[in-house]
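Below, each chain spelled out in residue letters.
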Amino acid sequence: MDRSLIGAALAILALAVSAAPARGALGPKHGGAITLPAPEPATTLDPARAETAFEATLTEALFDRLYEVRDDGTVEAVLAAGPPEIAEDVARIRLRPGALHHGTRPIRARHVVRSLQRTSSAPLASWLLGAFATENGRPAIREVDEETVEIRLARRGLRVDIVLAATPLAIVVGGNVRGRPLGTGAFRGRLDGRGGVELRIFRSAPDRPPWVNRVRFTPPRPREEEVRAFELGRLDGSWWSRSLYGGQPVRPVETATATAASPVLLVPNRARALRDDDAWGGVASAIDRARLERVGLVARRSLGAGLPAPRLPRGRAPRGARLRMIVRDDRPFERRVGEALAGMLDERGIALQVDRLSPDRLDATVARGDWDLRIALVRPPLPGRGPLVGAALAAAGQTDRARRLATQLGDAEVAAEAARQLDVLVLGQERVLLHHRADLRGFGFDGMGRLTLADASFARSRPEATR
Amino acid sequence: MSLRWRIVAFMLLLSAGPVGGLGYLFRERTIADARAQQAERLAAITEAARRRVHERRQAERRAIARLCEGDFVVDRLMLDLQAGRFGPMEQDELVQRLPNLMRSMGLDSLMLLDGRPGRRHYGRVFAAGHFAGRAGADEGATARAVEEAGERWFVRDLHVRQGGETHEMQAILTGCVAREGDARVIAVGGHVLDQAYVAALGADVPPVRLFLTGPDGELPPDAARGGPREDVHVFEDLRGAPSARVVASVDDRALQARMRELDQQLLYALGVTVVIAFLGGIVAAFWLTGPLVELESAAARVASGDMSTTITIHSGGEVRKALMAFNHMTGELKHAQAKLIRAERIAAWRDIARRIAHEIKNPLMPIQTSIETMRKTHARRHPEFDEIFEESTVTILEEVERLKRIVTEFSRFARMPRPQPVELAVEDVARHTVGLHSGGAVEVELHVEGALPRVRADREQLTQVLVNLVQNAADAARARHGDGGGRVEVVLSPAEVEGDEAVRVEVIDNGPGIPPEEQAKIFEPYYTTKSGGTGLGLAIVHRIVSDHGGSIDVGAVDGPEGGAVFEILLTRAGPPMEASTTQTDAALPLLRRR
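In this text the structure is predicted, and so the values were computed from the model without any measurement.

Helices and strands together make up the secondary structure of chain B, namely 13 helices and 15 strands. Expressed as a percentage of the 594 residues in chain B, the buried residues total 30%. A separation threshold of at least 6 residues defines the contact pool for chain B, and within that pool the share at least 24 residues apart is 66%.

What follows is the structure, given as structure tokens:
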């Protein structure tokens with residue numbers, strides 16, 4: 001072997017060895033894979049249709065928006081090159097040069113236009129487009145050139161950058177939007193068809209998240225199986241318990257928890273048994289929010305801090321009434337809330353039948369009006385009261401009111417009045433909780449109940465690898 | 001009832017009676033055996049079910065008691081309570097775990113209640129395996145019931161969640177209390193009292209079925225089968241009052257079906273027996289009574305004058321003897337009748353001879369007297385001989401003429417031809433007859449009442465009948481009234497004889513009438529009340545009417561004027577194909593021979 005080559009190799013080795021003591025100061029460790037159970041079957045990766053915290057987690061990992069609102073309230077351009085150029089009621093947004101999508105090609109203005117336009121067909125996201133003017137029944141969004149998008153606003157002075165920071169308006173470049181979309185986010189992802197999801201790192205930089213290469217959400221499994229797999233080290237976390245029998249776990253476990261700013265609503269169908277204020281008021285008064293804490297709700301009467309509780313009629317529980325509540329069969333949380341409500345109403349002589357329906361059948365049943373009660377999860381698209389109330393209106397099926405609110409997202413008074421008139425019962429805020437192995441760092445929930453996947457990393461001295 | 005039917009009825013009784021009686025006895029015996037078997041099986045199954053209820057309750061009681069003695073789940077709960085760390089997450093974990101624990105214990109219901117004192121705690125549901133939503137609910141009454149009942153079981157209404165729906169059920173519960181320091185947990189569990197529980201007793205063996213009933217033990221309407229029943233177990237509520245029962249009841253439908261089948265078979269056998277007995281009875285009756293019927297028929301023929309009747313004998317024994325006796329009797333009767341006929345003929349000959357002699361003798365006397373007078377006057381050369389001769393010869397000629405008339409009438413009566421019927425209108429004949437007698441001393445009138453059917457009759461003979469009757473009537477009327485005041489009416493009217501159309505002819509006079517004692521003899525030959533009558537006119541009338549299949553009768557006219565009425569009924573069919581003979585026929589051969 002050539003002496004010079006051997007010398008170079010030794011030099012590199014010496015450099016590596018000398019660099020080792022300084023590794024802790026380098027920040028989180030790159031690499032590794034996290035395997036977690038999906039809390040519910042993943043059925044869509046479409047940001048415009050994300051309802052649950054889990055779906056929001058996935059879309060957050062896969063997609064970027066043109067702008068983002070930081071915790072301090074400042075707006076930061078992400079896919080946009082800078083703040084929008086606004087002239088009267090027209091806003092022009094230039095795209096950030098060099099931004100690539102998961103197809104490793106630059107993102108273009110047409111991608112943005114198509115992504116925003118398609119949102120109009122999403123029931124829970126379309127209300128946000130109320131901030132934009134319409135042309136021929138479609139949002140007035142057009143491509144100026146490959147890097148410039150022009151949006152005509154519904155009114156002057158509207159903060160279009162804030163609206164565009166809404167999570168449902170994340171930019172989907174293309175692909176199979178539900179199962180294998182092309183986004184621009186930190187991870188690429190695809191559904192495995194059995195309710196699980198696999199995320200692989202897309203945007204890799206030495207000093208920036210994401211740190212782990214892969215995050216796999218396995219299809220949901222029964223509680224006991226999930227906890228057993230976690231305890232046996234086959235999973236890196238469990239939504240249910242620290243250990244199989246609630247005792248001391250065999251490995252160190254930490255619990256990440258947060259109260260997501262995502263209210264859970266009980267929506268009545270005022271066209272059937274609950275058409276009378278007396279009946280609906282009686283049902284609402286029969287519900288003890290405190291008893292819902294065990295199913296993962298933090299008892300709250302209002303949508304959020306600073307917002308008034310919806311005005312509910314007074315009434316007496318209609319004894320002997322039979323009500324039908326519909327929940328999604330792929331969401332254990334909804335089912336558990338429904339069963340808890342059934343217990344409370346049963347004590348007042350009201351029989352609550354909880355029917356578990358597939359998403360499609362549930363949508364059809366809601367449209368048909370063949371139900372009395374349903375659960376609505378409110379996923380706030382943006383920080384602030386206005387977006388929260390708007391999302392609640394949309395979730396309660398009052399889309400027109402939500403669209404009107406979209407032009408006044410910053411008006412606290414309007415939001416408060418809309419919240420007061422919301423004809424729903426706020427059950428509380430969803431509490432999210434994940435027991436995970438202790439050597440996972442930076443792992444937890446953000447203020448909107450989403451798992452911070454990009455920030456997660458393994459400790460440099462990993463005790464045991466996931467089997 | 002005839003002998004024939006009496007024989008049939010006797011055969012029916014003889015056969016159906018024993019079959020029916022034996023069948024009934026067999027049926028009753030079968031029912032009694034089946035009931036005895038049912039009772040035996042009911043007792044065995046009831047005993048087995050009682051044993052299973054007891055065993056199951058003991059096993060469940062032990063399982064629930066173990067919860068309070070050191071079960072992991074309850075211990076964990078107690079530790080959490082003692083450490084004050086039982087929060088929503090711990091409760092949710094308990095709620096998630098309890099259904100599995102409940103199922104693993106084979107229970108339908110399991111609740112863990114807070115037994116710590118104070119309104120905020122006591123009776124609060126930590127978790128309910130049968131209804132997750134009950135977590136947090138107040139079950140203070142149940143908690144008190146458990147503490148009051150001790151180890152007893154008690155029945156309570158329970159709401160159970162199944163398939164997204166709430167079902168209100170009765171449950172039999174028991175409980176225990178676990179204590180450790182300040183922590184106090186009440187475990188309540190049991191099973192739902194429903195048909196599934198009853199089925200799980202495994203004693204449901206046909207025809208005995210187990211039913212869950214209310215406290216009164218009344219079976220559901222569709223389960224009431226009418227068979228015997230027995231209480232397996234009585235479940236009591238907390239106060240010790242019956243709340244529900246498990247009842248073993250025999251499903252009687254199989255036995256009832258068997259009885260119906262048996263009844264059908266019995267009826268079928270009875271029916272077949274009756275049919276066979278009936279047919280056999282008919283055959284026997286005909287066999288036995290056939291000769292009697294033949295005897296009866298032959299006797300009737302004999303009674304109607306057929307003395308040649310004999311019976312062909314096919315039978316034997318007593319019947320044969322009886323028939324032979326009958327044949328012998330008819331032979332004797334025939335012989336006696338022949339002798340009688342001969343005697344009657346002789347008597348008739350004598351009578352006729354007497355009458356003819358009498359009739360002939362009457363004219364002979366004047367003839368003899370006239371001749372003797374002529375001889376005497378001639379011998380004496382009587383000056384008035386010529387006058388006497390003239391008078392005597394006139395008398396002789398008159399008497400000879402009378403003799404000739406007698407002979408002619410008699411000859412006509414004897415030679416009466418058979419009628420030659422044609423279809424005619426009686427009205428025409430009557431009108432013709434009345435026409436012949438009009439203009440005389442007696443007024444003759446014809447009255448026709450209603451539409452008359454045409455009848456088949458011999459026109460000449462019918463005319464002779466009417467002429468005779470009208471002449472007789474006219475004679476009678478003139479005899480009473482002289483040449484003024486005599487009246488004869490001929491009245492024709494429609495009539496009906498034995499369902500056949502007929503014509504009634506009435507000849508009514510206002511003469512002296514006919515005394516009742518003479519009315520019976522009036523149609524006999526040579527009976528007459530008239531000085532110059534031959535006594536054959538009405539006999540001829542009677543014979544002609546009889547030959548025409550009609551009838552003639554005589555009576556008196558009611559009323560002060562009196563008189564006689566002759567009534568003739570002529571049927572539309574007219575004379576039979578062979579005109580019947582009259583009673584005078586027997587005398588005709590004698591007369592013809594003369």
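With that out of the way, let us pick up helix α12 (residues 537-547) of chain B. Residues three or four positions apart in an α-helix share a direction because the helix packs 3.6 residues into each turn. All names here are of chain B. With 10 of 11 residues buried, α12 is to be regarded as a mostly interior element. Those residues of α12 not exposed but buried are G537, L538, A539, I540, V541, H542, R543, I544, V545 and D547. G549, located one to two residues past α12, shows a positive phi value of around 75°.

What follows covers the nonpolar core. A131, L265, V389, A392 and A395 of chain A are the most contacted members of the largest nonpolar core, which has 138 residues in total. The residues touching A131 of chain A, leaving out its near neighbours within four places in the chain, are L153, A154, L158, V160, V163, A406 and T407 of chain A. Formed by 55 residues, the second largest nonpolar core is a distinct cluster that contains M78, M111, L112 and F131 of chain B.

Another point: the interface of chain B and chain A. With 20 residues of chain B at the contact, the number on the chain A side is 22 residues. Of all elements in the fold, only α2 (72-83), α3 (88-104), β3 (154-162) and β4 (165-180) of chain B reach the threshold of two or more residues within the side of chain B that touches chain A. Ranked by the residues each element gives to the side of chain B that touches chain A, the list is headed by α3 of chain B, at six residues. Per-class residue counts for the side of chain B that touches chain A are seven nonpolar, seven polar and six charged.

Right, let's get into the pairing of strand β13 (residues 197-201) of chain A. All names here are of chain A. Taking every second residue as pointing to the same face, the buried face of β13 carries V197, L199 and I201, while none of E198 and R200 on the other face is buried. Relative to β13, strand β12 (residues 187-191) runs antiparallel, the two sharing five bridges. Paired with F187 across the two strands is I201, which belongs to β13. What sits between the antiparallel neighbours β12 and β13 is a turn of five residues, in which G193 has the positive phi angle 85°.

Residues and elements named next belong to chain B. The mixed open sheet is built from five strands, whose spatial order is β10-β12-β13-β15-β14. The open sheet is flanked by β10 (443-448) and β14 (551-556), the only strands paired with a single partner. Ignoring which end each strand starts from, the neighbouring axes of this sheet average 20° apart. Pairing between strand β13 (residues 500-509) and strand β15 (residues 564-571): seven bridges, direction antiparallel. Each residue of the ladder has a partner; that of I508, found in β15, is V565. Lying on the sheet, helix α9 (residues 426-437) is in contact with β10, β12 (487-497), β13 and β15; it crosses β10 at an angle near 165°.

What follows covers the packing of helix α1 (residues 3-70) of chain B against helix α6 (residues 253-303) of chain B. All names here are of chain B. Running from N to C, α1 and α6 cross one another at 160°; their axes reach a closest spacing of 8 Å. Considering their axes alone, α1 and α6 lie roughly antiparallel with respect to each other. The way α1 lies across α6 gives a crossing that is right-handed. Counted by class, the contact of α1 with α6 contains 22 nonpolar, eight polar and three charged residues.

Time to look at the environment of A248 of chain B. Residues and elements named next belong to chain B. Summarising the element assignment, A248 is placed in strand β8 (residues 242-250). Note: C-alpha distance between A248 and E230 (18 residues apart in sequence) is 5.3 Å. Beyond its immediate chain neighbours, meaning those up to four positions away, A248 contacts L42, I45, T46, A49, V208, L210, R229, E230 and V232.

What describes two packed helices is the angle between their axes and the distance between those same axes. Residues and elements named next belong to chain B. α12 packs onto helix α10 (residues 459-481) with a crossing angle of 140° between their chain directions and a minimal axis gap of 9 Å. In the crossing of α10 with α12, the sense of the turn from one axis to the other is left-handed. Residue-level inspection shows Q461, Q464, V465, N468, L469 and N472 of α10 in contact with α12, the latter providing G537, I540, V541, I544 and V545. A class-by-class count of the residues in the contact of α10 with α12 yields six nonpolar, five polar and no charged.

All names here are of chain B. With respect to the helices, strands and loops of the structure, D157 is situated in strand β3. Looking at D157, the number of C-beta atoms within 10 Å reads 10, which means it is exposed. The spatial distance from the C-alpha of D157 to the C-alpha of L173 is 9.9 Å, given a sequence separation of 16 residues. Sequence-distant contacts of D157, defined by excluding residues within four places in its chain, comprise E168 and Q170.

Rules behind the numbers
- Residues numbered from 1 in each chain as written.
- Chains lettered and ligands numbered in written order.
- Predicted model: local features only at pLDDT ≥ 70, side-chain atom pairs only at ≥ 80, totals over all residues.
- Helix = DSSP H or I, 4+ residues; strand = E, 2+ residues; numbered from the N terminus.
- Buried ≥ 20, exposed ≤ 12 C-beta atoms within 10 Å, placed from the backbone.
- Contact = placed C-beta atoms within 7 Å.
- Core = buried A, V, L, I, M, F, W, Y, C linked by C-beta atoms within 7 Å.
- Nonpolar A, V, L, I, M, F, W, Y, C, P; charged D, E, K, R; others polar.
- Pairing = 2+ DSSP bridges.
- Axes fitted to C-alpha atoms, helices over the stretch in contact; angles between N-to-C directions.
- Parallel < 35°, antiparallel > 145°, perpendicular 65-115°, else oblique.
- Left-handed = near helix turned anticlockwise from the far one by under 90°.

So, to be careful, I would describe these as geometric facts and stop short of saying anything about function.
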